[in-house]
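# Coordinate inspection notes
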Amino acid sequence: MLNDRTGAYGQLLADVRAEIAAARRRLDAAQRELDGLLAAERHLAAISGNGRDARAAAPEAEDPTIDPARERPPAPAAGKAPVTGADRPHKPRQDSESFAAGVRRVAREAIGAAGRPLNRAKIFEAVSQAGIGLPERNASKKISKILAADDGLENVRGEGYAVRR
């Protein structure tokens with residue numbers, strides 16, 4: 001009688017493990033589909049200039065075959081703290097203009113050339129054409145923060161950024 005119960009429990013355990021494996025496969029497929037949809041959303045938001053919900057596309061989101069968990073750098077060894085910004089060696093700036101100053105300069109030039117306020121998408125184009133490397137993640141948000149911090153620029157609701165008079 002004990003063997004009958006053990007056999008039944010063994011079969012139940014095997015069935016549960018099979019269901020878990022099937023659920024993991026469905027979850028992986030759903031995650032790949034979600035990553036693809038999020039990449040499409042970010043791409044469309046970036047090209048439309050609507051940065052409120054835009055998150056710049058990450059490589060793993062663009063290619064659903066890449067598993068982000070496997071592409072991450074390895075975690076620090078046990079007992080070792082992760083490297084933080086304070087631990088990294090300081091690299092002196094090679095150019096005379098900071099990143100933010102370059103973005104502000106190009107934005108002012110583009111607004112002046114257009115003779116009217118420009119939205120983030122147009123400013124993003126001008127900054128990209130000027131050869132200023134923007135971060136892959138949240139480029140639109142980064143531009144907005146830089147321009148909002150500039151006292152010489154104002155965000156005219158519904159029109160874009162303009163030079164303050």
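Please read all numbers here as calculations on a predicted model, not as lab measurements.

By size, the foremost hydrophobic cluster in this structure holds 17 residues, and its most contacted members are I111, I123, V127 and L147. Going through the elements one at a time, α4 (99-114), α5 (120-129) and α6 (139-148) are the ones with two or more residues in this core.

Among all positions in α6, only A139, S140, I143, S144, I146 and L147 are buried. One side of α6 carries all its buried residues, which in axial view fall inside an arc of 165 degrees. What points out from α6, more than 90 degrees from its buried face, is the exposed set K145 and A148. Tucked into the core, α6 has its buried residues touching α4, α5, β1 (153-156) and β2 (160-163).

Let us look at a nonpolar patch on the surface. A contiguous nonpolar surface patch, about 380 Å² in accessible area, is contributed by Y9, L12, V16 and I20. Following the sequence through the fold, L12 ends up in helix α1 (residues 2-48).

The next point concerns the pairing of β1. One ladder, built from four bridges, connects β1 with β2; its direction is antiparallel. Bridge pairing links L153 to V163 in β2.

This part covers the packing of α4 against α6. For the pair α4 and α6, interaxial distance at closest approach is 10 Å and the crossing angle is 85 degrees. Taken together, the axes of α4 and α6 are roughly perpendicular relative to one another. Two secondary-structure elements touch here, α4 through F99, A100, V103, R104 and A107 and α6 through K142, I146 and L147. Of the residues assigned to the contact of α4 with α6, the class counts are six nonpolar, no polar and two charged.

Let's shift gears to the side chain of D150. Assignment of secondary structure puts D150 in the loop between α6 and β1. Residue D150 is classed as buried on the basis of its relative accessible area, which comes to 9%.

Definitions and limits used
Residues numbered from 1 in each chain as written. Predicted model: local features only at pLDDT ≥ 70, side-chain atom pairs only at ≥ 80, totals over all residues. Heavy atoms only, no water. Core = buried A, V, L, I, M, F, W, Y, C linked by side-chain atoms within 4.5 Å. Buried < 20%, exposed > 50% of the residue type's maximum accessible area, 1.4 Å probe, protein only. Helix = DSSP H or I, 4+ residues; strand = E, 2+ residues; numbered from the N terminus. Arc of directions from axis to C-beta. Contact = heavy atoms within 4.5 Å. Patch = residues over 30% accessible without salt bridge, like charges linked within 9 Å, V, L, I, M, F, W, Y side chains within 5 Å. Areas by Shrake-Rupley, 256 points an atom, 1.4 Å probe, with all protein chains shown as cover. Salt bridge = Lys/Arg side-chain N within 4 Å of Asp/Glu carboxyl O. Pairing = 2+ DSSP bridges. Axes fitted to C-alpha atoms, helices over the stretch in contact; angles between N-to-C directions. Parallel < 35°, antiparallel > 145°, perpendicular 65-115°, else oblique. Nonpolar A, V, L, I, M, F, W, Y, C, P; charged D, E, K, R; others polar.

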